Amino acid sequence: MGAAAAGLLMVPLGAGAGYAVDVPTPPAASSPAVSDEFPQLTPAVARQLDAAVRKVMEEAKIPGVQVALSAPGKGTYLRAFGVADKATGAPMTDRLNMRIGSETKTFTVTAMLKLVDEKKIGLDDPIGKYVDGVPNGDRITLRELAGMRSGLFNYSADEDFFKALTSDPRRPFTPQELLAYSFKHPVLFEPDAKFYYCNTNLILIGLVVEKISGRTLADYITDEVIRPAGLKNTLFPTGAEFPSPHAQGYTDQTASGKTEDAADWNPSWGWAAGAMISDLTDLRRWAKVLATGELLTPATQAERLDVVPALPGTGYGLGIFNVQGWIGHNGSLPGYQSLTVYDARSQATLVVLLNTDISAEGEEPSTLFGRAITEIVTPQHVYTLPAQPVTGKG
């Protein structure tokens, strides 16, 4: 679960310790006008998209995938390919629940930003004000946690964590256990010096939300984010529960290195960084809510979208990516990957859900699908999240 690829957003087990880049002064934000570039989703374009998706499936050996693409006045492309269960051959459909990995971060950070809007916390408050024992806690701010610029070590890149999880993937983890894996390591750099994708940051944000709201993170996100967003099939599980119908998920992030079905693994190790479940319909709605700031004040949404360079062609704001103009997040948890993004130029929404997290020649399957689809519909700004260098087992 170190970052083997930029958006591995719950980040794959056993991957490297993460990726850090120097952060120059962020460029001025721009708000492009609505573009006519996006094509009509005609049957001919749908055939192109079908062929592109099937090619990725074949080359990356993807069991099943759901895809939804739409834009105002341009139509909708909605498809499911392959199988949801390799054992039974049950087909993938567009109605199945899926684990969404690090797309959870978008919900957790939204929860924090709602507390900012209520003036209960400030983005520039130090984390030490709310959580004791954080290295550099008197200087690391909530803004730096949400923007992946804290300098804290990523707990999911810790060797002992990897062994604990893969030896018993159905065991629960507490937030405090997760932080302990991180805090035994020295800080990697001074606050705000670099971008480094790190799940530890989100565990801390989750604890802040709980402390200030007086509710569990699951309850607060349900009441203050999921329901106001109009989402019907999105949940923050408290254990290994996985509502039916759902797709089985296939991973090689195992103790043996062999591919296993991870559907019943306990996602508590991801907690505020990656435990949530959703479906295609809800994520199509969430893409716009998230990117346009429907649940936040305009000023706070502007803070969220004020990105700094993270990877080539990619900026990261507060719990959100901007990849060549596609705004949102991807996710990865053993057995599952997801991508939910919104293009402000065309007001297009793209959601991809698949039931494996196994990399294909060092690239994340969700990125392969995002690239193949946007090469057809937005060739001037293609979604591609560069792979990060793997620096050893974590």
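If you're wondering where the values come from, they're calculated on a predicted model, not measured in any experiment.

## Some remarks on the overall build of the protein
Phase 1: What the protein contains, in helices and strands, is 11 helices and 14 strands.
Phase 2: Of all 394 residues assigned to the protein, the portion counted as buried reaches 60%.
Phase 3: A separation threshold of at least 6 residues defines the contact pool for the protein, and within that pool the share at least 24 residues apart is 70%.
Phase 4: If you sum the accessible surface of the protein, you get close to 14,200 Å²; carbon and sulfur atoms cover 51% of it.

## Notes on the pattern of salt bridges
Phase 1: The final tally for this structure, using the stated rule, is 19 salt bridges.
Phase 2: For glutamate 118, the salt bridge identified is with lysine 120, shortest N-O distance 3.2 Å.
Phase 3: The salt bridge partner of lysine 163 is glutamate 159, with a shortest N-O separation of 3.8 Å. Note that lysine 163 and glutamate 159 are positioned in helix α4 (residues 159-167) at a spacing of four residues, about one turn of the helix.
Phase 4: What you see here is one network of salt bridges that share partners, running through Arg215, Asp223, Glu224 and Arg227.

## Some thoughts on the nonpolar core
Phase 1: Among the nonpolar cores identified, the biggest contains 113 residues, and Met112 and Trp286 are the most heavily contacted of them.
Phase 2: If one sorts the elements of this core by residue count, helix α1 (residues 43-60) sits on top with eight residues.
Phase 3: In contact with methionine 112, not counting residues within four places along its chain, are Ile121, Leu123, Leu142, Ala146, Ile205 and Val209.
Phase 4: Core analysis: the second largest hydrophobic core is formed by five residues, Phe153, Phe189, Tyr196 and Cys198 among them.

Cut-offs and rules
Residues numbered from 1 in each chain as written. Predicted model: local features only at pLDDT ≥ 70, side-chain atom pairs only at ≥ 80, totals over all residues. Heavy atoms only, no water. Helix = DSSP H or I, 4+ residues; strand = E, 2+ residues; numbered from the N terminus. Buried < 20%, exposed > 50% of the residue type's maximum accessible area, 1.4 Å probe, protein only. Contact = heavy atoms within 4.5 Å. Areas by Shrake-Rupley, 256 points an atom, 1.4 Å probe, with all protein chains shown as cover. Salt bridge = Lys/Arg side-chain N within 4 Å of Asp/Glu carboxyl O. Core = buried A, V, L, I, M, F, W, Y, C linked by side-chain atoms within 4.5 Å.

Function cannot be inferred from these measures alone, as they are strictly geometric.
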